[in-house]
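Structural overview for review
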Amino acid sequence: MSYIDRKPRSIKTQNCVLFDDYNLSYSLTKQIIERGYEKLMYINGPKEINISYNRLRGFKDALKDFNIKTPENWILHAGFDKNSSKEKFLEFLKNNSNLPQAVMCVNDSTAIGVYNACKKIGVKIPEDIAVTGFGHVKVSSLLNPPLTTVKLDLKKACEVAVEKLINLIDSNNTANKNTIIGGKIIFRASVKENI
């Protein structure tokens, strides 16, 4: 069995096409910190999925390297969807008066949930809080303000996946090697240049 983009962490299958989630998350967090943000929150997806684990690990390692501490209750666990992240973030805001300077999200859908929560309670992006996503879904550039995100090289991932599938069919070769695909960070107006 092979996977593309994400897989359950419990499955040790190789020969998958995955994204460089750890390094991209680390780099995004580092660049957010370099813009002056220090009070950072992270909204993650289900723990058992590799992208949640690797993106959170990249976030935490960047904080550690910059000697920044984030309270444990500032790492929220939601689904990969806008509704669960909106509810989790609203619940956090109800119980905490201390706002983070930036909310970093496991994916763009989660970030959209944060946008919806902010709109509901009158918190302005990026004036009051910065928001980042991951994945560069089409709507991310259409949000108000447009969302800072990580664009994954989906075209290359699909090409590699098809090539692996053809090789598997032609030669019955089940080589155990994952292919890791990169991406690039796209800064937009949801994050200030400097604070």
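1. Quick look at the sheet that holds strand β3 (residues 40-44)
- The strand order across the open sheet built from 4 strands is β4-β3-β5-β6, with neighbouring strands paired in parallel fashion. Of all the strands in the sheet, just β4 (75-77) and β6 (130-132) have a single pairing partner and so form its edges. Taking the axes of each pair of neighbouring strands and ignoring which way they run, one obtains an average angle of 15° across the sheet.
- Of the pairings in the sheet, the one linking strand β5 (residues 102-105) to β6 comprises 3 bridges and is parallel in character. When the sheet's bridge partners are listed, Met104 is paired in β6 with Thr132.

2. Quick word on the packing of aromatic side chains
- For the structure shown, the criterion picks out 4 aromatic pairs.
- Aromatic side chains Trp74 and Phe92 sit 6.0 Å apart centroid to centroid with 90° between the ring planes, which places their arrangement in the edge-to-face category. You can see Trp74 sitting in the loop between α2 (50-65) and β4 and its partner Phe92 sitting in helix α3 (residues 82-95), a full 18 residues away along the chain. Grouping residues by exposure puts Trp74 and Phe92 together as buried.
- Judged by centre distance (6.4 Å) and plane angle (10°), the ring pair of Phe89 and Phe92 falls under stacked. One end of the pair, Phe89, and the other, Phe92, are both in helix α3, 3 residues apart, so they sit about a helical turn from each other.
- Judged by its relative accessible area of 0%, Phe89 falls in the buried class.
- A residue is classified by how much of its surface remains accessible, and Phe92, at 4% relative accessible area, is buried.

3. A short note on α3
- Its 14 residues give α3 an end-to-end C-alpha distance of 20 Å, which sits within 8% of 20 Å, the value for a rise of 1.5 Å per residue.
- Along α3, the residues classified as buried are Ser85, Phe89, Leu90, Phe92 and Leu93. Down the axis, α3 shows its buried residues gathered within 160° of arc, on one side only. Looking at α3, the residues exposed on the side facing more than 90 degrees away from the buried face are Asn83, Lys94 and Asn95.
- In this structure, the buried residues of α3 make contact with β3, β4, β5 and α4 (108-121).
- A distance of 3.2 Å separates the backbone nitrogen of Asn83 from a side-chain oxygen at the start of α3, and that oxygen is part of Asp81.

4. Brief notes about the packing of α3 against α4
- The interhelical angle for the contact between α3 and α4, taken along N-to-C directions, is 45°, at an axis separation of 7 Å. Relative to α4, the element α3 lies oblique. In this structure, α3 crosses over α4, and the sense of that crossing is right-handed. Here α3 contributes Lys82, Ser85, Lys86, Phe89, Leu90 and Leu93 to the contact with α4, which in turn contributes Ser109, Thr110, Ile112, Gly113, Val114, Asn116, Ala117, Cys118, Lys120 and Ile121.

5. Comments concerning the side chain of Asn107
- Within the fold, Asn107 resides in the loop between β5 and α4.
- Here the side chain of Asn107 touches Thr110 through a polar contact of 2.6 Å, side chain to side chain.
- Sequence-distant contacts of Asn107, that is, excluding residues within four places in its chain, are made with Arg55, Phe80, Gly133 and Phe134.

6. Looking at a nonpolar patch on the surface
- A cluster of nonpolar side chains, contributed by Val137, Val139 and Leu142, occupies part of the molecular surface with about 260 Å² of accessible area.
- Within the fold, Val139 resides in the loop between β6 and β7 (149-152).

7. Re unusual backbone geometry
- The omega torsion of the bond from Ile125 to Pro126 falls at 0°, within 30 degrees of zero and hence cis.
- Within the secondary structure layout, Pro126 lies in the loop between α4 and β6.
- In the segment running from Asn144 into Pro145, the intervening peptide bond is cis, with an omega of 0°.
- Among the structural elements, Pro145 can be located in the loop between β6 and β7.
- Positive phi, close to 55°, is recorded for Asn67, a residue that is not glycine.
- Here Asn67 is to be found in the loop between α2 and β4.
- Taking the relative accessible area as the measure of exposure, Asn67 reaches 70% and is therefore exposed.
- The phi torsion at His136 lies on the positive side, around 55°, for a residue other than glycine.
- Its place among the elements puts His136 in the loop between β6 and β7.
- On the accessibility criterion, His136 (24% relative accessible area) is partly exposed.

Criteria and cut-off values
Residues numbered from 1 in each chain as written. Predicted model: local features only at pLDDT ≥ 70, side-chain atom pairs only at ≥ 80, totals over all residues. Heavy atoms only, no water. Pairing = 2+ DSSP bridges. Helix = DSSP H or I, 4+ residues; strand = E, 2+ residues; numbered from the N terminus. Axes fitted to C-alpha atoms, helices over the stretch in contact; angles between N-to-C directions. Phe/Tyr/Trp six-rings, centres within 6.5 Å; stacked < 30°, edge-to-face > 60°. Buried < 20%, exposed > 50% of the residue type's maximum accessible area, 1.4 Å probe, protein only. Expected span 1.5 Å × (residues − 1). Arc of directions from axis to C-beta. Contact = heavy atoms within 4.5 Å. Polar contact = N/O pair within 3.5 Å; in protein donor to acceptor, adjacent residues only side chain to side chain. Parallel < 35°, antiparallel > 145°, perpendicular 65-115°, else oblique. Left-handed = near helix turned anticlockwise from the far one by under 90°. Patch = residues over 30% accessible without salt bridge, like charges linked within 9 Å, V, L, I, M, F, W, Y side chains within 5 Å. Areas by Shrake-Rupley, 256 points an atom, 1.4 Å probe, with all protein chains shown as cover. Salt bridge = Lys/Arg side-chain N within 4 Å of Asp/Glu carboxyl O.

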